[in-house]
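Spelled out, the chains give:
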Amino acid sequence: MTDSAHVDPAAAGQAPLRADRVLDAGALRALAHPLRVKIYDILSQYGPQTASSLAERLGESSGSTSYHLRALAKHDLIQECVDKGSGRERWWERPAGGVSFANAEALKTPSGRAATQIVMSEFFKLRQEQLVAFVDRGLESEPETWRDGSMISTATARLTPAQSKELATKIMALIDEAVDTYRNQTGEDVRPVTIRADLFPLPEQGGQS
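Reference entry: report on the structure contained in this document.

**Remarks on unusual backbone geometry**
In this structure, Asp76 takes a positive phi of about 60° despite not being glycine. Relative to the assigned elements, Asp76 resides in the loop between helix H4 (62–74) and strand S3 (79–80). The phi angle at Asp189 is positive, at roughly 70°, despite the residue not being glycine. As for its position among the elements, Asp189 is in the segment after helix H7 (161–182).

Put into structure tokens, the structure is as follows:
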């Protein structure tokens, strides 16, 4: 089922806050394609898909999505579902667990930096598109129960680096608990829910960094 323990690339080069899989340079290069990022995101948020179902969602040919699925599977970014499909129709899923793009070794090479930048840019683009779409949809058609159960919030605090890391760790613990508890939940009124947590220092007043 859907695994929401996807770690967005918040800070390349930083050590991950938990025991996530840190993608190596090869996996980052394999993911560094806009369509592959979209495929990976759909598998993360909506669970197993076939090349045909992904093609329909993305407006691509099944041959194209099948090619990109194989490229992702080569680096164990996704895997075939052993209990679904047949010889003619293969189902693919994202392995459970968190993923971090914060690979300091990959950033030491031009190709590694370029791949990391592409992956990060595409994920942030998708996140922003989803947020804007929710705001537009929420104002028009989302039921009140879902509007009440959603939150878009921005706050500012004055923290030290140690305090910022402590807060980030607490936030991730809450997210991990929710993901572990509800990862495979099914039933009436259950939908994929994206969980976002942004925490980073602002420039000093009058400065750019």
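**Re the sheet that holds strand S2 (residues 49–50)**
Taken together, the three strands give an open sheet; going across it, the order is S2-S4-S3, and neighbouring strands pair in antiparallel fashion. Both edges of this open sheet fall to S2 and S3, since each of them pairs with a single strand only. As paired strands, S3 and strand S4 (residues 91–93) are joined by two bridges and run antiparallel to one another. Each bridged residue has a counterpart across the sheet, and for Gln79 the counterpart in S4 is Glu93.

**Comments concerning the packing of helix H3 (residues 51–58) against H4**
It is the contact of H3 with H4, at a shortest axis distance of 8 Å, that shows an interaxial angle of 115°. As for the relative orientation of H3 and H4, their crossing is right-handed in sense. Along its contact with H3, which presents Ala51, Ser52, Leu54 and Ala55, the element H4 presents Ser62, Thr65, Ser66 and Leu69. Partitioning the contact of H3 with H4 into residue classes produces four nonpolar, four polar and no charged.

**Re the side chain of Glu122**
Counting through the fold element by element, Glu122 comes out in helix H5 (residues 110–140). Lys125 is the oppositely charged side chain nearest to the buried, salt-bridge-free Glu122, at an N-O distance of 4.7 Å. Filtering out sequence-adjacent residues up to four positions away, Glu122 remains in contact with Pro34 and Val37.

**Some thoughts on the nonpolar core**
In terms of nonpolar packing, the biggest core is built from 26 residues, with Leu23, Leu31, Leu69, Leu77, Ile78 and Phe101 touching the most fellow members. Within the residue set of this core, elements represented by two or more residues are helix H1 (25–31), helix H2 (34–46), H3, H4 and H5.

**Focus on the packing of aromatic side chains**
Under the counting rule described, the total for this entry stands at two aromatic pairs. Each ring, one from Phe101 and one from Phe123, has its centre 5.4 Å from the other, and the planes form 35°; the classification is tilted. A residue pair is termed long-range when its members are at least 10 positions apart, and Phe101 in the loop between strand S5 (99–100) and H5 and Phe123 in helix H5 qualify at 22 residues. Like Phe101, the residue Phe123 is buried in the burial classification.

**Regarding the environment of Ile152**
Looking at the element boundaries, Ile152 is found in the loop between helix H6 (144–148) and H7. Sequence separation between Ile152 and Arg196 is 44 residues, and the spatial gap between their C-alpha atoms is 9.1 Å. Apart from residues no more than four positions distant in its own chain, Ile152 is found in contact with Leu131, Phe134 and Val135.

**Some thoughts on the packing of H2 against H3**
Relative to each other, H2 and H3 sit at 110°, their axes nearing to 11 Å. It follows from the interaxial angle that H2 and H3 lie roughly perpendicular. Relative to H3, the crossing made by H2 is right-handed. In this structure, H2 uses Leu35, Lys38, Ile39, Ile42 and Tyr46 to contact H3, whose residues at the interface are Leu54, Arg57 and Leu58. When grouped by side-chain class, the residues that make up the contact of H2 with H3 number six nonpolar, no polar and two charged.

**Looking at H2**
When the terminal C-alpha atoms of H2 are compared, their 18 Å separation across 13 residues agrees well with the 18 Å that a helix rising 1.5 Å per residue should span. Buried residues dominate H2, accounting for 10 of its 13 residues. Buried residues of H2: Leu35, Arg36, Val37, Ile39, Tyr40, Asp41, Ile42, Leu43, Ser44 and Gln45, and no others. One or two steps after H2, the chain reaches Gly47, where phi turns positive at roughly 85°.

The rules behind each value
Residues numbered from 1 in each chain as written. Predicted model: local features only at pLDDT ≥ 70, side-chain atom pairs only at ≥ 80, totals over all residues. Heavy atoms only, no water. Helix = DSSP H or I, 4+ residues; strand = E, 2+ residues; numbered from the N terminus. Pairing = 2+ DSSP bridges. Axes fitted to C-alpha atoms, helices over the stretch in contact; angles between N-to-C directions. Left-handed = near helix turned anticlockwise from the far one by under 90°. Contact = heavy atoms within 4.5 Å. Nonpolar A, V, L, I, M, F, W, Y, C, P; charged D, E, K, R; others polar. Buried < 20%, exposed > 50% of the residue type's maximum accessible area, 1.4 Å probe, protein only. Lys, Arg positive; Asp, Glu negative; His and termini not counted. Salt bridge = Lys/Arg side-chain N within 4 Å of Asp/Glu carboxyl O. Core = buried A, V, L, I, M, F, W, Y, C linked by side-chain atoms within 4.5 Å. Phe/Tyr/Trp six-rings, centres within 6.5 Å; stacked < 30°, edge-to-face > 60°. Parallel < 35°, antiparallel > 145°, perpendicular 65-115°, else oblique. Expected span 1.5 Å × (residues − 1).

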